[in-house]
Amino acid sequence: MKNETDQSLDPQDWESMRQLGHQMIDDLIDYWKGIRDEKIWKPIPQEVKKALETSIPENGEDPKKVYEDFKQNVFPYNKGNVHPRFFAWIQGTGTPLGTFADLLASGMNPNTTIGEHSAMYVDRQVVNWCKELMGFPSDASGILVSGGSMANITALAVARNSHGKGNIREKGLVGNGENLLLYCSTETHSCIQKAAEILGLGTDSVRMIPVNANFEMKVDLLEEQIQADLAAGLSPFAIVGTAGTVNTGAIDPLDELLEIAKKYKLWFHVDGAYGALARLDPIYASRLVALEEADSVAFDLHKWLYVPYEVGCTLIRDAKKHRDAFAFTPNYLLQEKRGLSGGPDPISHYGFELSRGFKALKIWMSLKEHGWKKYAQMIAQNNRQAEYLGRLVDSHAQLQLMAPVSMSITCFRMVQEGMSEEEIRDLNREILVRIQEEGIASPSSTILNGKYTLRVANVNQRTRFEDMDILVDEVLRIGNEILSKK
Ligand SMILES: *Cc1c(COP(=O)(O)O)cnc(C)c1O
């Protein structure tokens, strides 16, 4: 019997909450359906920012009112990566079913770390599917994490902890007494350096090897550096190869890195946060085969599987080493053979996090909805669109390609005879900001060999080839407007 003083956060009126839920779904469907005709980005008005700075509500209000607030102050000023012409950084689009899966996951709300319940098995099945996607053996292990950064540090923690006598968990790096070194290229994502700092290796222990004209690691310099470090009594322990660099989509020569790793008995990790899934595109598959033999790989599903934020995956070839790096059983997490306290090996034995959401469900439902072959087609489509953009750039005298098109990243800029490097930079900076402010498209920028460039990274399942024509036309229109007013 319900007591007068019993309190709960559930709605007073379930029917009105049902209606509100339906309304939210309707609004989302309308949003996605019409997104192509919307501006990709809008500036946030001052009064909206003010509304987002008020202090904590003391008393509650009707959920409908809360939702109205959301529709007024939050929904209209979205980042834009749901839009077909979003090409900034490397950010996936999400999908409707993926979104609803997140809603269901949140509604079930299982803490997916330990116990005998369905989410544990869905999570395990999805990790097994990830192994299949990467060509990893079925007895490898893996864990879903929040994204590529977490996936990389998880893998590097295993690499570090299984180095040498394998006693770093007990003794720490000081007790271990070796000066561990990690090798990657100058184009490696910043999260590798951050990981090295957090893992206690320090920035000085990250050897950044120069790249060639295609932004790929120079293998001969890598081997020279390893030899010099060994001669100096230091302890190389891991090579990080990148499958799809964040700047230009370059792929390090993974097969050669694998050979060197074997020769010097180093851990071979692949940061495939962006590009590992390009192995589903036949054009890139042959350059990514060495991935299958890596000791570990990190990749994102919120980039090239277009799953809503956030989810990445770490795979480790040697499941024992993976478990040995993290397994820990405090008294309050004892397992039983039966009941809720039974179930598969706790997921917390494979990573740092204890509480975990049910992020596996959106991958599970998405892969069931489309099958991996459809994703292979979508990834190939993004790559062909980037190549198409590269050809458009080549066909315009005012545009210049700044790096070979690799995977789905195209770097280019507008140039004009007689302009200095600073003037070219300022022109393209202004083009970048205006094309975003006018709500047309969202590329981003980077600096390559000291030169400012526009950067178009396409992991967008809504992009059409015609969007590349629009992008180029608008860059030229805006650029020529800026030049004519000089
Ligand atoms: C995106 C990316 C990362 C970081 O992944 P997050 O999901 O943003 O944490 C790491 N490495 C590469 C190559 C990336 O493209």
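Position numbers for residues start from 1 in each chain and track the written sequence from start to end. Predicted model: local features are reported for residues with pLDDT of at least 70 only, side-chain atom pairs are reported and counted for 80 or more only, and whole-chain, interface and lining totals are derived from all residues. Note that the side-chain values use all heavy atoms of the structure and ignore hydrogens as well as water.

The chain goes by Aminotransferase class V-fold PLP-dependent enzyme in an unreviewed UniProt entry, where it is assigned to Algoriphagus formosus. UniProt positions are given in the numbering used here, feature names are shortened, and annotations may be inferred rather than shown by experiment. Recorded under Sequence similarities (unreviewed entry), the UniProt text for the chain is reproduced unchanged: "Belongs to the group II decarboxylase family." According to UniProt, the comment filed for the chain under the heading Cofactor (unreviewed entry) is "pyridoxal 5'-phosphate".

**Digging into the packing of helix α6 (residues 148–161) against helix α13 (residues 319–326)**
Only the stretch in contact is used when a helix axis is fitted, and all axes are lines through C-alpha atoms; the angle between N-to-C directions ranges over 0 to 180 degrees. Note on conventions: DSSP H or I runs of at least 4 residues are helices, E runs of at least 2 residues are strands, and numbering of each starts at the N terminus. Relative to each other, α6 and α13 sit at 95°, their axes nearing to 9 Å. Judged by the inter-axis angle, α6 sits roughly perpendicular to α13. Contacts between α6 and α13 involve Thr-154, Ala-157, Val-158 and Asn-161 from the former and Lys-321, His-322, Ala-325 and Phe-326 from the latter. Charged means Asp, Glu, Lys or Arg here, nonpolar means Ala, Val, Leu, Ile, Met, Phe, Trp, Tyr, Cys or Pro, and polar covers whatever is left, Gly included. For the contact of α6 with α13, a count of residues per class yields four nonpolar, three polar and one charged. We call two directions roughly parallel when the angle between them is under 35 degrees, roughly antiparallel when it is over 145, roughly perpendicular when it lies between 65 and 115, and oblique otherwise. Residue contacts follow a heavy-atom distance rule, with two residues in contact if any of their heavy atoms lie within 4.5 Å.

**Describing a nonpolar patch on the surface**
A contiguous nonpolar patch, built from Leu-52, Phe-70 and Val-74 and spanning about 250 Å² of accessible area, is present on the exposed surface. Along the chain, Leu-52 falls in the loop between α2 (46–51) and α3 (63–73). Within the patch definition used here, like charges are joined within 9 Å and nonpolar side chains (Val, Leu, Ile, Met, Phe, Trp, Tyr) within 5 Å, considering only residues with over 30% relative accessible area and no salt bridge. Methods summary: accessible areas were calculated by the Shrake-Rupley approach with a probe of 1.4 Å, and residue burial reflects only the protein chains presented. Salt bridges are identified by distance alone: a Lys or Arg side-chain nitrogen within 4 Å of an Asp or Glu carboxyl oxygen.

**What about the sheet that holds strand β11 (residues 451–457)?**
As summarised here, the arrangement of the four strands in space is β8-β9-β11-β10, forming an open sheet in which the pairing is antiparallel. Looking at strand neighbours, the two that pair on one side only are β8 (399–401) and β10 (444–448), the edges of this open sheet. Ignoring strand direction, the axes of neighbouring strands in this sheet form an average angle of 40°. One bridge is not enough; two strands pair if DSSP finds at least two bridges between them. Relative to strand β9 (residues 409–414), β8 runs antiparallel, the two sharing three bridges.

**Comments concerning the nonpolar core**
Grouped burial of nonpolar side chains is what soluble globular proteins tend to show. Of all hydrophobic cores here, the largest spans 74 residues; its most connected members are Leu-144 and Ile-239. Sorting elements by how many residues they give to this core places helix α14 (residues 360–394) first, with nine residues. Looking at this core, you find at least three residues from each of domain 1 (110–357) and domain 2 (369–484). Note on terminology: a nonpolar core comprises buried Ala, Val, Leu, Ile, Met, Phe, Trp, Tyr and Cys residues joined through side-chain atoms within 4.5 Å. Exposure is judged per residue with a 1.4 Å probe applied to protein chains only, and the accessible area is read against the type maximum: over 50% gives exposed, under 20% gives buried, and values in between give partly exposed. Phe-87, Val-415, Ile-482 and Leu-483 belong to the second-largest nonpolar core, a separate cluster that totals 27 residues. What counts as a domain boundary in this text is fixed by an automatic or database domain assignment.

**A word on the site of the ligand**
Any residue with at least one heavy atom within 4 Å of a molecule or strand is counted as near it. The immediate surroundings of the ligand are formed by 14 residues, with Gly-148, Ser-149, Asp-271, Asp-300 and Lys-303 found nearest. A distance of 2.7 Å is found between an oxygen atom of the ligand and a side-chain nitrogen or oxygen belonging to Ser-149. Here a nitrogen atom of the ligand and a side-chain polar atom of Asp-271 are 2.7 Å apart. Secondary structure elements with two or more residues in the shell around the ligand: α6 and α12 (301–304). The biggest single contributor to the shell around the ligand is α6, with three residues. Class assignment for the residues of the shell around the ligand results in four nonpolar, seven polar and three charged. We call two N or O atoms a polar contact when they sit within 3.5 Å, provided that within protein one can donate a hydrogen and the other can accept it, with sequence-adjacent residues counted only if both atoms are side-chain atoms.

**Regarding the environment of Val-456**
As for its placement among the helices and strands, Val-456 is situated in strand β11. Classification of Val-456 by relative accessible area gives buried; the value is 1%. Linking Val-456 and Tyr-388, residues 68 residues apart in sequence, is a C-alpha distance of 12 Å. Every residue in contact with Val-456, bar those within four places of it in the chain, is listed here: Phe-87, Leu-389, Ser-408, Ile-409, Thr-410, Phe-412, Pro-443 and Leu-471.

**Observations concerning helix α10 (residues 254–263)**
Taken together, the buried positions of α10 are Leu-254, Leu-257, Leu-258, Ile-260 and Ala-261. Along the axis of α10, the buried residues cluster in a sector spanning 165°; they form a single face. Those residues of α10 that are buried lie in contact with α9 (219–231), β4 (235–242) and β5 (267–271). Directly beyond the C-terminal end of α10, a positive phi value near 55° is found at Lys-265. Of all possible arcs, the one meant is that of the directions from the helix axis to the C-beta atoms.

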